[in-house]
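# Fold and contact review
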Amino acid sequence: MGYRLSKIYTRTGDTGETGLGDGRRVPKDHPRIEAIGEVDSLNSQLGLLLAGLDEQGLDEVSRVLAPCQHRLFDLGGELAMPSYQALTTAEVERLEAAIDEWNDELGPLKNFILPSGSALVAQAHVCRSLARSAERRCQHLNTVEPLEGVGLAYINRLSDLLFVAARIIGRRQGIAEVLWQPAEKPQG
């Protein structure tokens, strides 16, 4: 790697702007910065999930999800440097293969489930919901400044993977899924 941060603060963002990898300065609430921020939030929460998986010895799930932290960092790079492309179709296909393998084991979902059951199941759902939020931010950016590459497909597929991962984590932990109980209809 070439460039390394030698100084954490630069004071160049004190007026509400930040720099992109291509040299442009944009407001910190620019859609591109919002997308980068959501991807970063997801990556941080994914790190928390991975730490919990490692503590619980759920290595199989960790092996599938750990590379996603690196790919999210790649996506952040693509967002910060619009001409940079790191994600490939092969990575989207890797996520799809993991989804298919776990889904085959789980079988079809017959009820809505809640993001609950264990701390790890809930954390996987936190990651899933943040992936959806990051996807929305990236899609909004795409309407303002069209995005190149497979980033949108990757983040969409990652949210699907995280949903299935939450279910497989519960299965590996021997915890039943918490099924949604709809409100009773009023008598009348």
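Here is a short report on the structure shown in this document. All of these numbers come straight from a predicted model, not from anything done at the bench. As a convention, each chain's residues are numbered from 1 in the sequence order in which they are written. Local features are withheld for residues below a pLDDT of 70 in this predicted model, meaning they are given only at 70 or higher, and side-chain atom pairs are given and counted only at 80 or more; totals for whole chains, interfaces and linings count all residues. To get the side-chain values, take all heavy atoms of the structure and skip hydrogens and water.

## Remarks on the overall build of the chain
For helices the rule is a DSSP run of H or I covering at least 4 residues; for strands it is a run of E covering at least 2, with both sets numbered from the N terminus onward. Looking only at helices and strands, the chain features five helices and two strands. The secondary structure elements of the chain, listed N-terminal to C-terminal, are β-β-α-α-α-α-α. Each principal axis of the C-alpha atoms in the chain carries an extent, and together these give about 55 × 50 × 30 Å. Here the term buried applies to any residue with accessible area under 20% of the maximum for its type, exposed to any over 50%, and partly exposed to those in between, with areas from a 1.4 Å probe on protein chains only. Taken across its 188 residues, the chain has 38% of its residues classed as buried.

## Considering a nonpolar patch on the surface
Note that patches include only residues with greater than 30% relative accessible area and no salt bridge, and the join distances are 9 Å for like charges and 5 Å for nonpolar side chains (Val, Leu, Ile, Met, Phe, Trp, Tyr). Surface accessibility in these figures is a Shrake-Rupley result with a 1.4 Å probe; residues are shielded only by whichever protein chains are displayed. Throughout this description, the term salt bridge denotes a Lys or Arg side-chain nitrogen within 4 Å of a carboxyl oxygen of Asp or Glu. There is a patch of nonpolar side chains on the surface, built from Phe112, Leu114 and Trp180 and spanning about 340 Å² of accessible area. You can see Phe112 is positioned in the loop between helix 3 (89–106) and helix 4 (119–144).

## Concerning the nonpolar core
Only buried residues count toward a nonpolar core. Its members are Ala, Val, Leu, Ile, Met, Phe, Trp, Tyr and Cys residues joined through side-chain atoms within 4.5 Å. Counting 42 residues, the largest nonpolar core has Leu49, Leu65, Leu158 and Leu161 as the members making the most contacts within it. Breaking this core down by element, the ones donating at least two residues are helix 1 (31–55), helix 2 (59–80), helix 3, helix 4 and helix 5 (151–173). Here a residue-residue contact requires only that any non-hydrogen atoms of the pair lie within 4.5 Å. Look past the residues within four positions of Leu49 in its chain and what remains in contact with it is Leu65, Leu120, Gln123, Ala124, Cys127, Leu162 and Ile169.

## Quick look at the pattern of salt bridges
Pairing of side chains with opposite charge becomes possible as their charged atoms draw close. Using the criterion set out here, one finds 13 salt bridges in the structure. In this structure, Asp22 and Arg24 form a salt bridge, with 3.1 Å as the shortest nitrogen-oxygen distance. What makes Asp22 partly exposed here is its relative accessible area of 43%. On the basis of relative accessibility, which here comes to 31%, the residue Arg24 falls in the partly exposed class. Of the charged contacts in the structure, one is a salt bridge between Arg94 and Glu91, with a shortest N-O distance of 2.8 Å. One end of the pair, Arg94, and the other, Glu91, are both in helix 3, three residues apart, so they sit about a helical turn from each other. Using a relative accessible area of 26% as the deciding quantity, one classes Arg94 as partly exposed.

## Examining the packing of helix 1 against helix 4
In this description, a line fitted to the C-alpha atoms serves as the axis of each element, helices being fitted only across the stretch in contact, and the angle between N-to-C directions of two axes falls anywhere from 0 to 180 degrees. Contact geometry of helix 1 with helix 4 gives a least axis separation of 8 Å together with a crossing angle of 165°. Viewed along their axes, helix 1 and helix 4 adopt a mutual orientation that is roughly antiparallel. The handedness of the crossing between helix 1 and helix 4 is left-handed. Angles are sorted into four bins: roughly parallel if under 35 degrees, roughly antiparallel if over 145, roughly perpendicular if 65 to 115, and oblique for all others. By definition, turning the near helix anticlockwise from the far helix through less than a right angle yields a left-handed crossing, and turning it clockwise yields a right-handed one.

## Side note on the packing of helix 2 against helix 5
Closest axis-to-axis distance for the helix 2/helix 5 pair is 11 Å, and the angle between their directions is 155°. Compared by their axis directions, helix 2 and helix 5 come out roughly antiparallel. In the packing of helix 2 onto helix 5, the handedness of the crossing is left-handed. Here Glu60, Val61, Val64, Leu65, Cys68, Arg71, Leu72 and Leu75 of helix 2 come into contact with helix 5, specifically with Gly151, Tyr154, Ile155, Leu158, Leu161, Leu162, Ala165, Ile168, Ile169 and Arg172. Throughout, the ten residues Ala, Val, Leu, Ile, Met, Phe, Trp, Tyr, Cys and Pro are labelled nonpolar, Asp, Glu, Lys and Arg are labelled charged, and all others, Gly among them, are labelled polar. Looking at the contact of helix 2 with helix 5 residue by residue, the classes come out as 14 nonpolar, one polar and three charged.

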